[in-house]
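One-letter residues, chain by chain:
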Number of protein chains: 2
Amino acid sequence: MDDRLIMKNKTGNQILRDAAIAPAEAERPTLKTIAFMAGLGVTTVSRALKDAPEIGQATKNRVQLIAKQIGYRPNRAGVRLRTGKTNVISLVLNAQSSIMGLTSNMVYGISEVLSQTPYHLTVTPYSLENDPMQPIRYIVETGSADGIIMSRTEPDDPRVRYLTEHGIPFATHGRTEMGIEHPYHDFDNEAFAYLSVKSLLAKGRRKIAMLAGPSPAVTYYRHLDRGFSRAIEEGSAAAVAFSGVDVDTSLGRIRDRMEEIMSGSNRPDGIVCCSGGAAIALVAGIEAAGLKIGEDVDLVSKQSTDVLQWFRPQIIVFNEDVRHAGRELARAVLRRIAGVDARELQSLSYPDEHELR
Amino acid sequence: MDDRLIMKNKTGNQILRDAAIAPAEAERPTLKTIAFMAGLGVTTVSRALKDAPEIGQATKNRVQLIAKQIGYRPNRAGVRLRTGKTNVISLVLNAQSSIMGLTSNMVYGISEVLSQTPYHLTVTPYSLENDPMQPIRYIVETGSADGIIMSRTEPDDPRVRYLTEHGIPFATHGRTEMGIEHPYHDFDNEAFAYLSVKSLLAKGRRKIAMLAGPSPAVTYYRHLDRGFSRAIEEGSAAAVAFSGVDVDTSLGRIRDRMEEIMSGSNRPDGIVCCSGGAAIALVAGIEAAGLKIGEDVDLVSKQSTDVLQWFRPQIIVFNEDVRHAGRELARAVLRRIAGVDARELQSLSYPDEHELR
DNA sequence: TAGCCTACCTGTAACGTTTCAGATTTGGGA
DNA sequence: TCCCAAATCTGAAACGTTACAGGTAGGCTA
């Protein structure tokens, strides 16, 4: 004889007990379980749990008590199948920006917010060689998320257009310039660049260069450029161009190129850098050229992880709180899903000059 | 009259067209769609798509062709509800280890593998103050993943015990010492510590200290300690203890404590550090004490992001390829889910001394 | 007394998939 | 010619949830 014991319990569900092997595999309670216990129909239970107006208060209390006692949790697959709601937010990012905890902080920030909700976070990285639209299309076509958070926003971003057309809630890290109102959170890169140049000017620097984002592809490049130019003009300083490198370049190449530039005749005496990772390679190049930070040349950099001030205390540092960005973005998509107008879900955070310990 | 047009298509599903507003919201094809197009029953289609033996080859070909042409993708909720399979792998990690791209590289490594499969990756961070069991229990109780990947493995890890008892596939980053065979991937920290001390000995250092993981809580602490002690003994050197700091300590406190220690009389002349982030603070402390790396004291560190050699070229660096760890762990859970024996899913990677450019 | 409203509750169907237990067809052997 | 097995295919049921269209009881009005 089989040593398994198959029985029907009162709810009609099957219990499968494996005599000694499986550890009393407790069956997960469903609406049916509660319905049986309360002597009600499943519909009533379903409604009672979501505080529907047509259910009596006494019933609601009773049902909710039972649900809590037996640890009922709605089956996500059931809900998803029936309602089409996935309770999933998808973070789509490119695998390049891994350096210096940008990704992790974003993930943590988002999770912090989602952990208070029924939403789960799925992460979908794509490599820079691939089409950024691909993961987006996949999510939309398979309906695998209720909302999307994405980074590396471009001025005329096809993803934004696509998602808007399809009516899928999303929030971007970074702004667009395409006349579509959508939720975003952005770091004020214009202010950063402006303030950076200002602080170099204050140190008496007059030939200033910037290591910026991948030109004009990504929106923040434009903002940096605007802030930079404005400050340069106001200070009637000279802008030195860095050709052949940007923040996406490999650290090794940044270092080499910097050594080259800083050994040349037209070298800048002040540099603005918009990534902590790049700044480190940049410094290596400067020092390889025999120059000293804080003496021959001053450096201002953005950082998203507390590290540059340990690296070279002379570097002027502005913090970008990516974790905060994550929280803002998560809140934005959630509220967008809830139907809030996109214009109310746009926020900016300002550069915060690092205070020395 | 209503300006919406509700019609039944041939499959019996409802199409809801919003005259001008919604952009031809194409209905997602289901098995039913294919069944209708092929003039078959849904059962046959379902089977044909998974190459079941009882379906004729001609039918299979036809069905698969149609499926491809109309871009059919199985509905995850349907599958999940029916089979209980979620097609989700959950990465559970603590929010502390954010520094220096550890988390991101892990995520990217895992995604790389999962992107070739029907699996999605969800990330569930928890803060160190919370019970590490909590997210695990949640996943098991709600059945929200088919497999789990987790880090910060402890010698006697309650999560490992719990998951094993419940028969949930998982893989850990790091080993346990509890007599349970389970899939893992680990960096050989014993070899790292051993080799590190060896290289310090080779530089003539004789008073050696180590900044290690949180004592004995996390397994890798033991491995580090073993490798360290063995090398110290073999080289008949002196081990200097670092009290009050470990790799979890805040960078600020590490710096301060290091300054203190390195200003004292019994300061080491060689240091092993097992985290790139901590190494940076450590260097700051050493230099604040007026000492020079490579002269007064030598430093060996592990890094998971290419940064220390730009920071101070004098630091001896061993790389831990966390992205590779992510790939290994993902492969391990997947194969575990497929029923492969746990003992075949245990792997180790070895420290790889960083080659100078 | 009938009629009707309100307050509360219920069964059935459906979402898309897989499994189960057949049903149908075909070909071959007797 | 008949029957059986093999090869294909099929409908119904079920997973857990919510939406829809009722149902019932009690009280109130006319």
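Provided above is the structure to which this section pertains.
Residues numbered from 1 in each chain as written. Chains lettered and ligands numbered in written order. Predicted model: local features only at pLDDT ≥ 70, side-chain atom pairs only at ≥ 80, totals over all residues. Heavy atoms only, no water.

Asker: What is the right way to read the overall build of chain A from this model?
Answerer: In terms of regular secondary structure, chain A is built from 13 helices and 14 strands. Relative to its length of 357 residues, chain A is extended, with a C-alpha radius of gyration of 27 Å against a globular reference of 21 Å. With the C-alpha coordinates of chain A rotated into their principal frame, the extents come out at 90 × 50 × 40 Å. Residue burial in chain A is summarised as follows: out of 357 residues, 52% are buried. Contacts spanning at least 24 positions in sequence make up 64% of the contacts within chain A whose residues lie at least 6 apart. Just so you have it, chain A exposes about 16,200 Å², and 50% of that area is on carbon and sulfur atoms. Where the 43 positive side-chain charges of chain A centre and where its 43 negative ones centre are 8 Å apart. (Helix = DSSP H or I, 4+ residues; strand = E, 2+ residues; numbered from the N terminus. Rg over C-alpha atoms; globule rule 2.2 N^0.38 Å. Buried < 20%, exposed > 50% of the residue type's maximum accessible area, 1.4 Å probe, protein only. Contact = heavy atoms within 4.5 Å. Areas by Shrake-Rupley, 256 points an atom, 1.4 Å probe, with all protein chains shown as cover. Lys, Arg positive; Asp, Glu negative; His and termini not counted. Charge placed at Lys NZ, Arg CZ, Asp CG, Glu CD.)

Asker: I would appreciate a short explanation of the protein's contact with DNA strand D in the present structure.
Answerer: For DNA strand D, the set of nearby residues contains 25 residues, the closest of which are Tyr72 and Arg82 of chain A together with Thr44, Arg47 and Thr59 of chain B. If you look at DNA strand D and keep only atoms within 4 Å of the protein, 58% of those are sugar or phosphate atoms. Side-chain polar atom of Thr43 of chain A to a base nitrogen of DNA strand D: 3.0 Å apart, as the coordinates give it. In this structure, Arg82 of chain B approaches DNA strand D through a main-chain N or O atom, which is 3.4 Å from a base oxygen. Elements represented by at least two residues in the surface near DNA strand D include exactly α2 (42–49) and α4 (76–83) of chain A together with α2 (42–49) and α4 (76–83) of chain B. (Near = heavy atom within 4 Å. Polar contact = N/O pair within 3.5 Å; in protein donor to acceptor, adjacent residues only side chain to side chain.)

Asker: Sorry, what's going on with the packing of aromatic side chains here?
Answerer: Any two aromatic rings considered together are summarised by their centre-to-centre distance and by the angle between their planes. One pass over the structure, following the stated rule, counts 5 aromatic pairs over all chains. Taken together, a centroid distance of 5.7 Å and an interplanar angle of 85° make the contact between Phe192 of chain A and Phe318 of chain A edge-to-face. Pair noted here: Phe192 of chain A is in helix α8 (residues 189–202) and Phe318 of chain A is in strand β12 (residues 316–319), with a separation of 126 residues, a long-range link. One exposure class covers both Phe192 of chain A and Phe318 of chain A, and it is buried. Residue placement shows Lys302 of chain A over the ring face of Tyr220 of chain A; its charged tip is 5.4 Å from the ring centre. The residue whose ring lies beneath Lys302 of chain B is Phe192 of chain B, and the NZ or CZ to ring-centre distance is 5.8 Å. (Phe/Tyr/Trp six-rings, centres within 6.5 Å; stacked < 30°, edge-to-face > 60°. Lys NZ or Arg CZ within 6 Å of the ring centre and 35° of its normal.)

Asker: I'm lost on the packing of helix α1 (residues 31–38) of chain B against helix α3 (residues 57–69) of chain B in this one. Help?
Answerer: A pair of packed helices is characterised by two quantities: the angle between their axes and the separation of those axes. Residues and elements named next belong to chain B. Two elements in contact, α1 and α3, have axes whose closest approach is 10 Å; the angle formed by their N-to-C orientations is 125°. Classified by the angle between their axes, α1 and α3 sit oblique to one another. Taken as a pair, α1 and α3 cross one another with a handedness that is right-handed. Contacts between α1 and α3 pair Ile34, Met37 and Ala38 from the former with Arg62, Val63, Ile66 and Ala67 from the latter. Looking at the contact of α1 with α3, its residues break down into 6 nonpolar, no polar and 1 charged. (Axes fitted to C-alpha atoms, helices over the stretch in contact; angles between N-to-C directions. Parallel < 35°, antiparallel > 145°, perpendicular 65-115°, else oblique. Left-handed = near helix turned anticlockwise from the far one by under 90°. Nonpolar A, V, L, I, M, F, W, Y, C, P; charged D, E, K, R; others polar.)

Asker: Please explain the relation of the copies chain B and chain A as it appears in this structure.
Answerer: These two copies of the chain differ by a rotation about an axis and a displacement along the same axis. Superposition record for chain B on chain A: RMSD 0.1 Å, screw rotation 180°, translation along axis 0.0 Å. These values place the two chain copies in the arrangement generated by a two-fold rotation axis. A high fraction, 100%, of the interface residues of chain B reappear at the interface in chain A, so the copies pair face to face through one surface. (Least-squares fit on C-alpha atoms with pLDDT ≥ 70 in both.)

Asker: Quick question: what am I supposed to make of the sheet that holds strand β9 (residues 238–240) of chain A here?
Answerer: Note: strands within a sheet are paired through backbone hydrogen bonds, in either parallel or antiparallel orientation. Residues and elements named next belong to chain A. The 6 strands are arranged β9-β8-β10-β11-β12-β14 in an open sheet whose pairing can be described as mixed. Edge positions in the open sheet fall to β9 and β14 (352–353), since each of these has one partner strand only. Summarising the sheet, strand β8 (residues 207–211) and β9 pair through 3 bridges and their orientation is parallel. When the sheet's bridge partners are listed, Ala209 is paired in β9 with Val240. Across the sheet, helix α11 (residues 276–288) touches β8, β10 (270–273) and β11 (298–303), and the angle it forms with β11 is around 160°. (Pairing = 2+ DSSP bridges.)

Asker: How should I be thinking about the environment of Tyr221 of chain A in this particular structure?
Answerer: Residue and element names in this part refer to chain A. When you line up the elements, Tyr221 lands in helix α9 (residues 219–234). For the pair Tyr221 and Ala278, spaced 57 residues apart in sequence, the C-alpha to C-alpha distance is 15 Å. In contact with Tyr221, not counting residues within four places along its chain, are Ala212, Gly213, Pro214, Ser215 and Pro216.

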